[in-house]
Amino acid sequence: MGKKYTIGVDYGTQSGRAVLVNLADGQEVADHVTPYRHHVIDEFLPGSGQKLEYDWALQHPGDYLEVLKVSVPAVIEQSGIDPADVIGIGIDFTACTMLPVDELGEPLCFHPELADQPHSWVKLWKHHAAQPEADKINAIAAERGESFLPRYGGKISSEWMMAKVWQILDEAPAIYERADMFLEATDWVISQMTGNMVRNSCTAGYKAIWHKQDGYPSKAYFKALDPRLENLAETKLRGEVRPLGSRAGGLTETMAEVMGLTPGIAVAVGNVDAHAAVPAVGVVTPGKLVMAMGTSICHMILGTEEKRVEGMCGVVEDGIIPGLYGYEAGQSAVGDIFEWYVEEALPAYVTEAAAADGIGIHQWLEREAAAYKPGQTGLLALDWWNGNRSVLVDTDLTGLILGMTLLTKPQEIYRALLEATAFGTRKIVDAFHENGVPVDVLYACGGLPQKNHLLMQIYADVTNREIVVADSKQTPALGAAMFAAVAAGQAQGGYDSIIDAAAKMARVKEETFKPIPEHVEVYEQLYREYSKLHDYFGRGENDVMKRLKRIKQSAE
Ligand SMILES: Nc1ncnc2c1ncn2[C@@H]1O[C@H](COP(=O)(O)OP(=O)(O)O)[C@@H](O)[C@H]1O
Ligand SMILES: O=C(CO)[C@@H](O)[C@@H](O)COP(=O)(O)O
């Protein structure tokens, strides 16, 4: 058999990227990025200009199809390979990114008469306007002693399926009624490629409270939330849930034509971006925490038992690698915080200085911030610019910078923000490690490890652990391509299991980030201070952040 390839498509927050991968060694032969034409929709709906409320974040499903139509032919052309040698395609997505569809699988926002209704659109993972529903979901589950709650660290997030679905029902009952199904965007895109509506066990497990043995929560629980939700699982969440690496179907003639591929090739079931990255850095055993570091961070680790860990996003059997329990935790803003600072709060002289030095603003700030020793800025920040996803699981928490004086410099604030996100990760590492899910070493992938070395050294120092870095520009896409190889199977030139695929295709860099003992010592002290602030503002002693939000809302 000659050389064979698969394509992985990674759907991020701002763009979709396709990677063409050689199955023999995981080499990324070509890659192409398609930015979403409609970006993140968080102020006005496209077309109607309908204004969105606070904390909304939507996307346009047409943008996802454009990625397939543009980036897939682009990687084929760039590589110069024969498209007949591509034996499969897989995708990974942000999650829970969900949408209501009609009986034909058409997104409701494509219906002209519904296009001006915000609830007919895709709700992006970082849509945070369903917190009131999430609060009730948690309170009622706790009251009823629902057995699923501990599997999600004691709290279901407002980012997830049930809170988003219930918000639609609460605020737009007609859209809820009109929806034939609520789908993860990853499953919707797969349905567009195959003509089959198949759900995947990863998003169902982590984001929609589905369990391999127990299925969805009981009718009685849904009824206790709202009688209109009683049959949600059998109706609008219906559909077969297939394990990762299985085949969702063959690529349809129509899609094969627009994508420049062969009809009938294997299309793997959908996956989550962060989870797909785990085998792509070669992690198929416990003890290794994988951080997908970009706009946000997702932290994934494998275990042999189901343990209870405060605030984790979830533990799902076979959720990442078959045969093991996959744990997920996360921080809902990391790169986004640095971007906020650069775009919204930086003095013009920094932009000018960076331009004069011929480097980017982040590079300038990184260079200047690296000149400080740990603790030397006198600053400490709480990294909750987009709420807290773990350990507190509360999207109503907000950011904080402490210790500023008239002498505080922009690079000091930048450093404090990098450190704050590292402390947030340390909270998660400690939560796992202290609750029976050992964390020995960290693995990093995503855009940030390539972009900011200071950030990575700070993470190694704050967590006091070595960090291995992915040797791939597009790690989740590589993972998606690996699952596509499994969906295609060995007989077609792919692999029979993700473990086999990882052994041949995963790649990491030789150079690692190692903790520097003097830094570790200072960061221990700062982390103790961070923990005090974390508990004071995050565990109810002082709810000032929530009160400010309420005052803000009533002032609008
Ligand atoms: N040099 C840098 N240092 C720190 N953060 C950066 C730097 N350059 C870009 N970023 C941030 O990285 C994030 C994008 O990460 P990336 O992994 O490329 O995308 P995504 O999260 O969409 O997959 C943005 O939030 C951006 O602000
Ligand atoms: O929440 C998850 C995965 O569970 C992510 O999709 C979400 O944090 C978005 O990730 P990105 O920062 O866009 O890579």
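One can find the structure itself at the top, above this paragraph.
All values reported here derive from a predicted model rather than from experimental measurement.

Novice: Lay out the overall build of the chain with the relevant residues and their values.
Specialist: Across its full length, the chain holds 19 helices and 21 strands. Overall size of the chain, expressed as C-alpha extent along the three principal axes, is 65 × 55 × 50 Å. Buried residues in the chain amount to 61% of all 556 residues. Long-range contacts, defined here as pairs at least 24 residues apart, represent 73% of the contacts in the chain between residues at least 6 apart. With the model as given, the accessible surface of the chain reaches about 20,800 Å², and the carbon-plus-sulfur share is 50%. The chain carries 49 positive and 75 negative side-chain charges, and their two centres are separated by 3 Å.

Novice: An account of the nonpolar core is needed here, citing residue identities and associated values.
Specialist: Membership of the largest hydrophobic core comes to 65 residues, with the highest contact counts inside it found for Met-291, Met-293, Tyr-327, Phe-338, Phe-432, Tyr-459 and Ile-467. For this core, the element with the highest residue contribution is helix H13 (residues 410-433), accounting for twelve residues. With 46 residues, the next largest nonpolar core counts Ile-87, Ala-481, Phe-483 and Ala-501 among its residues.

Novice: So what's going on with the packing of aromatic side chains? Which residues, and what values?
Specialist: Tallying each qualifying case throughout the model produces 17 aromatic pairs. An angle of 70° between the planes, with centres 6.0 Å apart, marks the rings of Phe-423 and Tyr-523 as edge-to-face. Of this pair, Phe-423 sits in helix H13 while Tyr-523 sits in helix H18 (residues 517-538), and the two are 100 residues apart along the sequence. Tyr-523 gets classed as buried once you look at its relative accessible area, which sits at 1%.

Novice: Report on the site of ligand 1, specifying residues and quantitative values.
Specialist: Close to ligand 1 lie 16 residues; Thr-295, Gly-335, Gly-447, Lys-451 and Asn-452 are nearest. Contact distances for ligand 1 include 3.3 Å between an oxygen atom and a side-chain N or O atom of Arg-17. Within the backbone of Gly-335, one N or O atom sits 3.0 Å away from an oxygen atom of ligand 1. Within the complex, the protein chains bury 85% of what would otherwise be the 580 Å² of accessible surface of ligand 1. For ligand 1, the cavity whose grid points lie within 2 Å of the majority of its atoms is the second largest pocket. When contributions to the shell around ligand 1 are tallied by element, the ones reaching two or more residues are helix H10 (335-344), helix H12 (361-369) and helix H14 (447-451). If one sorts the elements of the shell around ligand 1 by residue count, H10 sits on top with four residues. Per-class residue counts for the shell around ligand 1 are four nonpolar, eight polar and four charged.

Thresholds, definitions, all that
Residues numbered from 1 in each chain as written. Chains lettered and ligands numbered in written order. Predicted model: local features only at pLDDT ≥ 70, side-chain atom pairs only at ≥ 80, totals over all residues. Heavy atoms only, no water. Helix = DSSP H or I, 4+ residues; strand = E, 2+ residues; numbered from the N terminus. Buried < 20%, exposed > 50% of the residue type's maximum accessible area, 1.4 Å probe, protein only. Contact = heavy atoms within 4.5 Å. Areas by Shrake-Rupley, 256 points an atom, 1.4 Å probe, with all protein chains shown as cover. Lys, Arg positive; Asp, Glu negative; His and termini not counted. Charge placed at Lys NZ, Arg CZ, Asp CG, Glu CD. Core = buried A, V, L, I, M, F, W, Y, C linked by side-chain atoms within 4.5 Å. Phe/Tyr/Trp six-rings, centres within 6.5 Å; stacked < 30°, edge-to-face > 60°. Near = heavy atom within 4 Å. Polar contact = N/O pair within 3.5 Å; in protein donor to acceptor, adjacent residues only side chain to side chain. 1 Å grid on protein atoms, 1.4 Å probe; cavity = no way out; pocket = protein on both sides within 12 Å on 5 of 7 lines; lining within 4 Å. Sits in = over half its atoms within 2 Å of the grid points. Nonpolar A, V, L, I, M, F, W, Y, C, P; charged D, E, K, R; others polar.

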